[in-house]
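Single-letter residue listing:
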Amino acid sequence: MRQRHKPWADEFLQENTHLIIPDPSNYKNKWHEVFENNNPIHVEIGTGKGQFIAGMAKQFPSINFIGIELAKSVIVSAAEKVQESEHANIRLINENAENLLDMFMTDEISTIYLNFSDPWPKNRHEKRRLTFHSFLKRYENVLKPDGELILKTDNRGLFEYSLVSFSNYGMTLQEVSLDLHALNDPENIMTEYEEKFSAKGQQIYRCKAVFPNQK
Ligand code: SAM
């Protein structure tokens, strides 16, 4: 994602610690205290500018949403969007998802969303793909036994790679759509990338997968 230079991003993060949690490891196994309820927790990895998570929080007020975004300048845009939406059921984390196990306890999360993740098409970058098996291992750890991993992308290569990666890991595919928008799913909240790519006529792929029961 192209990042605008925002020299005030550090200041913004410091002033908005109620929204962008500065030291998320402090809340491992305590996220319910942050939200002040016991509602299920859904996590989006690579939140970008926050349109999806803000829309989901509005549509599902009984779910707590946490967006993890690596890029500081991008998470500032997400925070601005979340502030505008005025929903109490969202928090953001400015971290690399590689550190997921520092942020969440085993079985703490109900659903993980990967939306339009960077495809990293070169073989030598395979480890960076968010559906590489080392990431799946982290997701398996923090997801509840019946927890779901939901992937949306316009990138056929990443989609095919991810289906194989899920299958090799022993995951079960519960839903595979090769043309999400043809389903006219009223619950589908579009991300910024999804709007951009579908406006160009590109197909959107989605799949939902679950891990095998034993950890
Ligand atoms: N999900 C948004 C959407 O669909 O509009 C943004 C998609 S953008 C292509 C991918 C985003 O994932 C970028 O903002 C990038 O900084 C973030 N990202 C990539 N790898 C990440 C990681 N390991 N941990 C957290 N965020 C990551």
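Now for a description of the structure that goes with this document. (Residues numbered from 1 in each chain as written. Predicted model: local features only at pLDDT ≥ 70, side-chain atom pairs only at ≥ 80, totals over all residues. Heavy atoms only, no water.)

## Some details on the pattern of salt bridges
Going by this rule: Salt bridges are identified by distance alone: a Lys or Arg side-chain nitrogen within 4 Å of an Asp or Glu carboxyl oxygen. A run of DSSP states H or I qualifies as a helix once it reaches four residues; a run of E qualifies as a strand once it reaches two. Both are numbered from the N-terminal end.
All told, the structure shown has 7 salt bridges when counted by the stated rule. In this structure, Glu192 and Lys81 form a salt bridge, with 2.8 Å as the shortest nitrogen-oxygen distance. Highlighted residues: Glu192 in helix α8 (residues 192-199) and Lys81 in helix α4 (residues 72-85), separated in sequence by 111 residues. Residue Arg156 is joined to Glu160 by a salt bridge in which the shortest nitrogen-to-oxygen separation is 2.8 Å.

## Here's the deal with the environment of Pro121
Summarising the element assignment, Pro121 is placed in the loop between β4 (109-115) and α6 (133-142). As for Pro121 and Leu158, which are separated by 37 residues in sequence, their C-alpha atoms are 7.6 Å apart.

## Regarding the site of the ligand
Operational definition: If even one non-hydrogen atom of a residue comes within 4 Å of a molecule or strand, that residue is called near it. Polar contacts here mean pairs of N or O atoms no more than 3.5 Å apart (in protein, one a potential hydrogen donor and the other a potential acceptor; neighbouring residues in sequence count only if both atoms are side-chain atoms). Following the grouping adopted for this structure description, the nonpolar residues are Ala, Val, Leu, Ile, Met, Phe, Trp, Tyr, Cys and Pro, the charged ones are Asp, Glu, Lys and Arg, and the polar ones are all others, Gly among them.
Around the ligand sit 18 residues in total, of which Gly46, Glu69, Asn96, Asn115 and Thr191 are the nearest. Separating an oxygen atom of the ligand from a side-chain N or O atom of Glu69 is a distance of 2.6 Å. Here a nitrogen atom of the ligand sits 2.9 Å away from a polar atom, N or O, in the side chain of Asn96. Among the residues forming the shell around the ligand, the class breakdown is 7 nonpolar, 6 polar and 5 charged.

## Re the environment of Tyr161
Defined as follows: In what follows, residue pairs with any heavy atoms lying within 4.5 Å of each other are defined as contacts.
Within the fold, Tyr161 resides in helix α7 (residues 156-168). Sequence separation between Tyr161 and Phe135 is 26 residues, and the spatial gap between their C-alpha atoms is 14 Å. Leaving out residues up to four positions away in the same chain, Tyr161 has contacts with Glu126, Arg129, Thr131 and Phe132.

## Here's the deal with helix α3 (residues 51-59)
Basically, it comes down to this: Each residue's exposure class comes from its accessible area (1.4 Å probe, protein chains only) as a fraction of the maximum for that residue type: buried when under 20%, exposed when over 50%, partly exposed otherwise.
Among the residues of α3, those classed as buried are Phe52, Ile53, Ala54, Gly55, Met56 and Ala57. Buried residues along α3 sit against β1 (41-45), β2 (64-68), α4, β3 (90-93), β4 and β5 (143-153).

## Considerations on unusual backbone geometry
Trans is the prevailing form of peptide bonds, just as negative phi is the prevailing case for residues other than glycine. Positive phi, normally seen in glycine, also occurs at Glu36, with a value near 60°. By secondary structure assignment, the location of Glu36 is in the loop between α2 (31-35) and β1. Glu36 sits in the exposed class, given a relative accessible area of 72%. If you check the backbone angles, Asn184 has positive phi at about 50° while not being a glycine. Inspection of the secondary structure assignment puts Asn184 in the loop between β6 (172-177) and α8.

## A closer look at the nonpolar core
Convention followed: Working definition of a nonpolar core: buried Ala, Val, Leu, Ile, Met, Phe, Trp, Tyr and Cys residues. They are joined through side-chain atoms within 4.5 Å.
Core analysis: the largest hydrophobic core is formed by 35 residues, its most contacted members being Trp31, Ile45, Phe104, Ile112 and Tyr139. Counting 21 residues, the second largest nonpolar core, distinct from the first, contains Ile53, Val82, Tyr113 and Ile150.

## Details of the pairing of β2
Convention followed: Should DSSP find at least two bridges between two strands, the strands are taken to pair.
Within β2, 5 of the 5 residues are buried, which leaves the element mostly enclosed by the surrounding structure. Taking every second residue as pointing to the same face, both faces of β2 are buried, with Asn64, Ile66 and Ile68 on one and Phe65 and Gly67 on the other. One ladder, built from 5 bridges, connects β1 with β2; its direction is parallel. Paired with Ile41 across the bridge in β2 is Asn64. Strand direction decides the pairing type here: β2 and β3, joined by 4 bridges, are parallel.

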